[in-house]
Amino acid sequence: MTAKTTSLPQGFIPVMLTPFLESGAVDYDGLKTLTEFYLNAGSAGLFATCLSSEMYELSEQERIDVTKTVVDQVAGRVPVVATGTFGGPIAEQAEFVKRIYSTGVEAVIIISSLIAEENESDEIFLKNAKELISLTDNIPLGFYECPVPYKRLIPSTVLKELVETGRVIYHKDTCLDDEEVARRIKVAEGYQFGLYDAYMVNAVSSLKAGAAGLSCIQGNIYPELIIWICKYFNNADREEDVKKVQQFFVDSMDVVHAAYPTIAKYSLQKRGFPISIYTRRDVGELTEELKTEMDQLLVVIEKLQNELGITSNFTEYLVK
């Protein structure tokens, strides 16, 4: 298997939701529509089959089918990445990486906490990661510091060795530390590599430090604002607007994380997007109180978008 040399674009790469029918089955038609929504909002790429997609609640075949559906719907308009490691021996994980890559994704994402046990050292993690890299031909890879099954951060010193293999082009960063983000970006200079921060409190600081973009759950509620900040974060003429949007990210952190991803599906539904709030993953109840909080936040979002000149028309995203 030969992979092309590649890099991912700058901007917003959303961590995609998986729509379900009320029966609990994957809504593949809804997934196509959702894909169009992300694209029309201005996403630079898509991260299919991730934690937001409820990847651990999908069967092995569903992971393949969901990823392939997204790749086919995108039809080359932007790059798609998808998770390819779900536990087990490194050799088995490598085989599934190859299966995911065969769907046509640009890169396959490795979950950092599935490469070594929680009590194992960074040295063991690095050894296992390099073994996985060696077993996956020339497939472009990325890392995701997913909080499930546990959160394993990849220090800049370790990330440096991974990037130096020439195979790692993407990193979904969840360290929540803007100084460490800057160090990680620094050690990867000169390589086809992009760091995409998930922590919106540090959105502007990460982008100014050289992050390739953002890859956050908030993009499933207000993607237009994430795309806007990626475009204007360093624009001196919009400095006050940038501060306002950044503060909004900080202020809305708690509600967007509550009962997620159910609350994200609810918010899209309230904005007029055709999606069920059915969620396979046990994330707690979407209470009436939470709904009210999100309803109030959606009013703030609409007002902020109007002030920034951002327009949204959900009918544009429907697959004909």
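Residues numbered from 1 in each chain as written. Predicted model: local features only at pLDDT ≥ 70, side-chain atom pairs only at ≥ 80, totals over all residues. Heavy atoms only, no water.

Draft legend 1. Region of the structure containing the sheet that holds strand β2 (residues 46-48). Pairing in this open sheet of eight strands is parallel, and the strands run β1-β8-β7-β6-β5-β4-β3-β2 from one edge to the other. At either end of the open sheet lies a strand with only one pairing partner, and these are β1 (11-12) and β2. With respect to the sheet, helix α2 (residues 60-74) is in contact with β2 and β3 (80-83), its orientation differing from that of β3 by roughly 180°. (Pairing = 2+ DSSP bridges. Helix = DSSP H or I, 4+ residues; strand = E, 2+ residues; numbered from the N terminus. Contact = heavy atoms within 4.5 Å. Axes fitted to C-alpha atoms, helices over the stretch in contact; angles between N-to-C directions.)

Draft legend 2. Spatial organisation of the packing of helix α9 (residues 239-251) against helix α12 (residues 288-308). Contact geometry for α9 and α12: axes closest at 12 Å, N-to-C directions at 165°. Comparing their axes, α12 and α9 come out roughly antiparallel. The two elements α9 and α12 meet at a crossing, and its hand is left-handed. For the pair α9 and α12, contact is made by D241, K244, V245 and F248 and by L297, V300, I301, L304, E307 and L308, respectively. Residue classes in the contact of α9 with α12 are distributed as seven nonpolar, no polar and three charged. (Parallel < 35°, antiparallel > 145°, perpendicular 65-115°, else oblique. Left-handed = near helix turned anticlockwise from the far one by under 90°. Nonpolar A, V, L, I, M, F, W, Y, C, P; charged D, E, K, R; others polar.)

Draft legend 3. Molecular detail of the pattern of salt bridges. Going through the model one piece at a time under the given rule, you end up with 23 salt bridges. In this structure, R152 engages D122 in a salt bridge whose closest nitrogen and oxygen atoms are separated by 3.6 Å. Of this pair, R152 sits in the loop between β5 (141-144) and α5 (156-163) while D122 sits in helix α4 (residues 122-134), and the two are 30 residues apart along the sequence. Owing to a relative accessible area of 5%, R152 belongs among the buried residues under this scheme. Salt bridges sharing partners connect three or more residues here, namely E145, D173, E180, R183 and R184. (Salt bridge = Lys/Arg side-chain N within 4 Å of Asp/Glu carboxyl O. Buried < 20%, exposed > 50% of the residue type's maximum accessible area, 1.4 Å probe, protein only.)

Draft legend 4. Examining the side chain of Q305 more closely. For Q305, the location among the structural elements is in helix α12. In this structure, Q305 is in contact with E224, L225, R271, I310 and S312, ignoring residues within four places of it in sequence.

Draft legend 5. α4, seen in detail. With 13 residues, α4 extends 18 Å between its outermost C-alpha atoms, agreeing within 8% with the 18 Å of an ideal straight helix rising 1.5 Å per residue. Among the residues of α4, F125, L126, N128, A129, L132 and I133 are the ones counted as buried. For α4, the arc enclosing every buried residue in end-on projection is 165°, short of the 170-degree limit, so these residues lie on one face. In α4, those exposed residues whose orientation departs by more than 90 degrees from the buried face are E123, K127 and S134. Summarising the contacts, the buried residues of α4 are in contact with α3 (90-101), β4 (107-111), β5, α5 and β6 (168-173). (Expected span 1.5 Å × (residues − 1). Arc of directions from axis to C-beta.)

Draft legend 6. Seen up close, the pairing of β6. Where burial is concerned, most of β6 is hidden: six out of the six residues are buried. With four bridges joining them, β5 and β6 adopt parallel strand pairing. By the bridge assignment for β6, L141 is matched with V168. Handedness of the β5-α5-β6 crossover: right-handed. (Right-handed = clockwise from strand over helix to strand, strands pointing away.)

Draft legend 7. Quick look at the pairing of β5. Of the two faces of β5, both are covered, the one formed by L141 and F143 as well as the one formed by G142 and Y144. Pairing of β4 with β5, which is carried by four bridges, proceeds in the parallel orientation. For I110, the partnering residue across the bridge sits in β5 and is F143. Between β4 and its parallel partner β5, the chain crosses via α4, and the hand of that crossover is right-handed.

Draft legend 8. Quick look at helix α1 (residues 28-41). The terminal C-alpha atoms of α1, which comprises 14 residues, lie 20 Å apart, in line with the 20 Å expected from a rise of 1.5 Å per residue. Following α1 by one or two positions, G42 has its phi on the positive side, about 110°.

Draft legend 9. Quick peek at the nonpolar core. L162 and F249 are the most contacted members of the largest nonpolar core, which has 115 residues in total. Those residues in contact with F249, other than ones at most four positions away along the chain, are M200, A203, Y222, L225, I226 and I229. (Core = buried A, V, L, I, M, F, W, Y, C linked by side-chain atoms within 4.5 Å.)

Draft legend 10. Here's a closer look at the packing of helix α11 (residues 262-270) against α12. α12 packs onto α11 with a crossing angle of 50° between their chain directions and a minimal axis gap of 10 Å. In terms of orientation, α11 lies oblique with respect to α12. As α11 packs across α12, the resulting crossing turns out to be right-handed. Within the contact between the two elements, α11 uses I263, Y266, S267 and K270 and α12 uses L290, K291, M294, D295 and L298.

Draft legend 11. Summary view of the environment of G104. Mapped onto the elements, G104 comes out in the loop between α3 and β4. Residue G104 is classed as partly exposed on the basis of its relative accessible area of 46%. Sequence spacing of G104 and A129 is 25 residues, and the spatial spacing of their C-alpha atoms is 23 Å.

Draft legend 12. Here's a closer look at the environment of I226. When you line up the elements, I226 lands in helix α8 (residues 223-232). Note on I226: relative accessible area 0%, which makes it buried. Taking the C-alpha atoms as reference points, I226 and L153, separated by 73 residues in sequence, lie 24 Å from one another. Non-local contacts of I226, meaning those with residues more than four positions away in its chain, are made with F12, M200, L214, C216, Q218, G219 and F249.

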